[in-house]
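# Coordinate inspection notes
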Amino acid sequence: GALIGVGRAGGAGEMTVIFASLADPDPQIRAAAMQALDLLPVEAVKSAATEKMKSAAPELKVVLIQLLAGRGEKSVIPLLVASASDADEAVRIAAYDALATLGDASAVAPLIAALGKAKGKELDAVRNAAARIPGKPATDALVKAADGADAAHRVEIIRTLAARKDDAAVPALLTAAEDKDEAI
């Protein structure tokens, strides 16, 4: 209740308390903190969350990424791209999941690079993000990247192109089907 009251009162100066509550083990306190943040001005929350990301523990970074992505603000895409390089896998996966929702063509190059490095759940999150970013520029970037990639990276790019279900990718997929390398 008190946290939500801080949000209603527009207490952007109380972000420290609210952010600390996001890391509380009690799910009700975390939920109240999220509600309080939803009541505060978008720019104030984005600015404070971006600053907090620099020093937050990985668990809080994940929550902050989810918060920022949940607001639908495309202006956080650069922060999400930067978070995709975090040392912590959970933070990287959260960033990829957010890019799947908010991403645009500006996020495709880092996702293509990640397709060549990621493994396991992280690779699934990268592939999902790259497959869901809308538009022909994203498809074109993936097609172009497949041409110069080594075999393992190319396989992941082709899987991503297939998952996009974009007619513009069909010629590249047909060419890949005829490749002499059986892995492709």
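In this convention, every chain numbers its residues from 1, walking through the sequence in written order. Predicted model: local features are reported for residues with pLDDT of at least 70 only, side-chain atom pairs are reported and counted for 80 or more only, and whole-chain, interface and lining totals are derived from all residues. Hydrogens and water molecules were not included; the side-chain quantities draw on all heavy atoms of the structure.

### Describing the overall build of the protein
Rule in force here: Under the DSSP-based scheme used, a helix requires at least four consecutive residues in state H or I and a strand at least two consecutive residues in state E, with every element numbered from the N terminus. Each residue is assigned to one of three classes by its accessible area relative to the maximum for its type, calculated with a 1.4 Å probe on protein chains only: buried under 20%, partly exposed between the two thresholds, exposed over 50%. Contact definition: two residues touch when any of their heavy atoms are within 4.5 Å. All accessible areas in this document rest on Shrake-Rupley with a 1.4 Å probe, and a residue is counted as covered only by the protein chains that are shown. Note on charges: Lys and Arg go in the positive column, Asp and Glu in the negative column, and His and the chain ends are not counted at all. To locate a charge, take atom NZ for lysine, CZ for arginine, CG for aspartate or CD for glutamate.
The number of helices and strands found in the protein is 12 helices and zero strands. In the protein, the succession of helices and strands from N to C terminus is α-α-α-α-α-α-α-α-α-α-α-α. Principal-axis analysis of the C-alpha atoms places the extent of the protein at approximately 65 × 25 × 25 Å. For the protein, with 184 residues in total, the buried portion stands at 43%. Taking the intrachain contacts of the protein between residues at least 6 apart in sequence as the baseline, contacts between residues at least 24 apart amount to 63%. As displayed, the protein has an accessible area near 9400 Å², and 56% of this comes from carbon and sulfur atoms. Once the 21 positive and 25 negative side-chain charges of the protein are each reduced to a mean point, those two points are 1 Å apart.

### Focus: the environment of Lys 46
Counting through the fold element by element, Lys 46 comes out in helix H4 (residues 42–53). Residue class for Lys 46 comes out buried when judged on its relative accessible area of 17%. Counting along the chain gives 30 residues from Lys 46 to Val 76, while the straight-line C-alpha distance between them is 7.8 Å. Filtering out sequence-adjacent residues up to four positions away, Lys 46 remains in contact with Leu 68, Ser 75 and Val 76.

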